[in-house]
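# Analysis of the macromolecular model
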Amino acid sequence: MTATTLDQPVKAPTFQKLSLRRKVTNNFATVLVTLSVAIAVVPLVWVLYTVVVNGFGAVTSSEWWSHSQAGMTAFKAGGGAYHAIIGTLLQGLVCAIISIPIGVFVGIYLVEYGGGTRLGKVTTFMVDILTGVPSIVAALFIYALWVATLGFQRSGLAVSLALVLLMIPVIVRSTEEMLRIVPMDLREASYALGVPKWKTISAIVLPTALSGIVTGILLALARVMGETAPLLILVGYSQAMNFDMFNGFMGSLPGMMYDQTSAGAGANPVPTDRLWGAAFTLIVLIALLNVGARFIAKFFAPKKV
Amino acid sequence: MTDRLDVTESGGLPNPADAGSGEVIASPFPEPTPISTDPSKNAKVRPGDRIFRGLAEGSGVLIVVIIAAIGAFLLWRAIPALARNEENFFLFGGNWVTTDTSAMHFGILDLLQVTVFVSVFALLLAMPVALGIAIFLTQYAPRRVSAPLAYMVDLLAAVPSIIYGVWGLYVLAPVLKPFATWLNENLSWMFLFQTGNASVAGGGTIFTAGIVLAVMILPIITAVTREVFIQTPRGHIEAALALGATRWEVVKTTVLPFGLSGYISGAMLGLGRALGETIALLIILRGTQQAFGWSLFDAGYTFASKIAAAASEFNDQYKAGAYIAAGLILFILTFIVNSLARAAVAGRSKS
């Protein structure tokens, strides 16, 4: 046995180099996967950029935040989006007032009471189905129920009712998720002290989960405020102020945008400016709700022990 | 269990670490019945408890009632109009004539074709991208990068659909114009790219609408897929790495088999969203009087955009009834697609 054979390893090296085919496939996959993220980010940036660049001029005019479109035509520049902002906020507010209690209670029911029961399972399934109900179907349902059957007028309230159907499932989901992460120990400690279940839920569980629930509500509100389909069917667009939820046509930001597309936006500069102005205002509103939601989630979250 | 062990190629050998295998051998005695920890078992039910429980349960029932009511009311309001329909509701694809309410002409064939065509086109565009994003965010990107990127993708869902609509028509369509024209000129032998019933240069085609729709359903597919991919057992991934798999091979042998059903159900949810999308398609798609011909350069109406476009006719119960009938079909369609999606997820989590 010579020194040279001892230098030879007894076995072939365990780590072999990657074959070219595997290496190429791996790199190719990495490129594709990274590229797909870029593909997703491009439209987001592009849409936001378009809205900001085209809408900035309109919203910086002095009348935008304080005047309505009353008396304006597609050939007369001026006026603002005050009526539309108020309309969107009012409809969102009424919708939130109706859907928050229902949504939170369904969430409580699913987590604290009937999660495993037959009714609980059916409810979970129905919430899933409600999540997928298209906004136009929700609008048709409210039309069939509220306007055609009960005989009420088309109004801002009818829009709010349709939005309730779209908002409830989002609130239910976030409430459910938040209640589930509240530690069981808190509930048990409360029960051990003889506190009734309803007081345990309302005084211990809900406050612990509150920041998460509020975050979910704000995000849900941001989602329904941009809905347009119910507006078309359940209320006419009004260029003038209308604070009355029960009567008459009502302005709203998506309604204003749709009105501009029918008024010749794209060709005629006046409605085009108004279109992008309303879009910018709507984005700002939604961004504020989103930022608010993140702020609450971050700073009011219960401290981790 | 077998599909999970494929990676390690142990060929179905019993694994002592598996839950259950030890119990069979080591537990010949029946388990004693657990002591009840239900705090309110023998306690008197307080009125406050009863009210609170009633409210919670009532809200749960309300949801079930709402879904049932949607179907019932739409059907009830659609029947009078259907009774006065002179055409076959399912097989008539021509123009809707609802002015004479005693003899109306309407049917859903054309709407169904356009709706399915544009949704499937959008789905085919969105699915590979969503898969790529989900893989990147869960397997490739470091946590520091992946959280903000995931938030950005989610933000796509926060943009209202009307903004996508005006962006698609006024900004995206002119950019796509040369590409669309090229496809139309060079590939018109294929039915997808033949000249349809809308102007290719005008941009109000299914081609533009489908691309915008793909962007809109991307976040939901990505979110569901991501959620499932992130649950891939660490052990599977590490086992694959230990066998010398490259990063892509890890994904292919562990993440994809594990998350496939989640991906499918995410895609179904995206399809459900696409079928019901209203305002973006109403703005982008040109209305047309001509029949639909399975070309990407056709225009027309989907269920939702047809209903929304007819908002001014909602002053007469028969006219409205015709559109409510279309809405009912859309509701049933989305109901089926969403149930299938949920069933796929539920089947997954049980196995």
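Described below are features of the structure shown in this document. (Residues numbered from 1 in each chain as written. Chains lettered and ligands numbered in written order. Predicted model: local features only at pLDDT ≥ 70, side-chain atom pairs only at ≥ 80, totals over all residues.)

Further remarks concern the overall build of chain B. When helices and strands are tallied, chain B shows twelve helices and zero strands. When the elements of chain B are put in sequence order from the N terminus, they spell out α-α-α-α-α-α-α-α-α-α-α-α. For chain B, contacts bridging at least 24 residues in sequence account for 75% of all contacts bridging at least 6. (Helix = DSSP H or I, 4+ residues; strand = E, 2+ residues; numbered from the N terminus. Contact = placed C-beta atoms within 7 Å.)

Okay, the packing of helix α7 (residues 206-229) of chain B against helix α9 (residues 247-276) of chain B next. Residues and elements named next belong to chain B. With their axes 8 Å apart at the nearest point, α7 and α9 run at an angle of 150 degrees to one another. What the angle tells us is that α7 and α9 run roughly antiparallel. Remark: the crossing between α7 and α9 carries right-handed chirality. Touching L213, I217, I220, I221, V224, T225, E227, V228 and F229 of α7 are V255, G259, G262, Y263, S265, G266, A267, L269, G270, R273 and A274, all from α9. (Axes fitted to C-alpha atoms, helices over the stretch in contact; angles between N-to-C directions. Parallel < 35°, antiparallel > 145°, perpendicular 65-115°, else oblique. Left-handed = near helix turned anticlockwise from the far one by under 90°.)

Now for the interface of chain B and chain A. The interface is formed by 69 residues belonging to chain B together with 72 residues belonging to chain A. Element by element, the count of residues in the side of chain B that touches chain A is highest for helix α3 (residues 47-83) of chain B, at 18 residues. Here the residues of the side of chain B that touches chain A are counted per class, giving 48 nonpolar, 14 polar and seven charged. (Nonpolar A, V, L, I, M, F, W, Y, C, P; charged D, E, K, R; others polar.)

Side chains that are three or four residues apart share a direction in an α-helix, a result of its 3.6 residues per turn. A large share of helix α10 (residues 253-262) of chain A lies buried, amounting to nine of its ten residues. For α10(A), the full list of buried residues reads L253(A), P254(A), G255(A), M256(A), M257(A), Y258(A), D259(A), Q260(A) and T261(A). Buried-residue contacts for α10(A) involve α3 (82-113), α9 (229-234) and α11 (269-299) of chain A together with α6 (161-186) and α10 (279-284) of chain B. Within two residues after α10(A), G264(A) carries a phi angle of roughly 100 degrees, on the positive side. (Buried ≥ 20, exposed ≤ 12 C-beta atoms within 10 Å, placed from the backbone.)

So, about unusual backbone geometry. All names here are of chain B. A positive phi angle is found at W294, which is not glycine, with a value near 60 degrees. On the secondary structure map, W294 appears in the loop between α10 and α11 (303-309). Since 13 C-beta atoms lie within 10 Å of it, W294 is described here as partly exposed.

Counting residues in hydrophobic clusters, the biggest one holds 199 residues, and the most contacted among them are L140(A), I142(A), Y143(A), A279(A) and I163(B). In terms of residues, this core owes the most to one element, helix α4 (residues 109-140) of chain B, which gives 17 residues. Not counting residues up to four positions away in its chain, the partners in contact with I142(A) are A158(A), L161(A), A162(A) and L234(A). (Core = buried A, V, L, I, M, F, W, Y, C linked by C-beta atoms within 7 Å.)

Moving on, we come to the environment of E227(A). Residues and elements named next belong to chain A. Considering the arrangement of structural elements, one finds E227 in the loop between α8 (197-225) and α9. Classification of E227 by C-beta neighbours within 10 Å gives buried; the count is 28. The residues touching E227, leaving out its near neighbours within four places in the chain, are S135, L163, L166 and P254.

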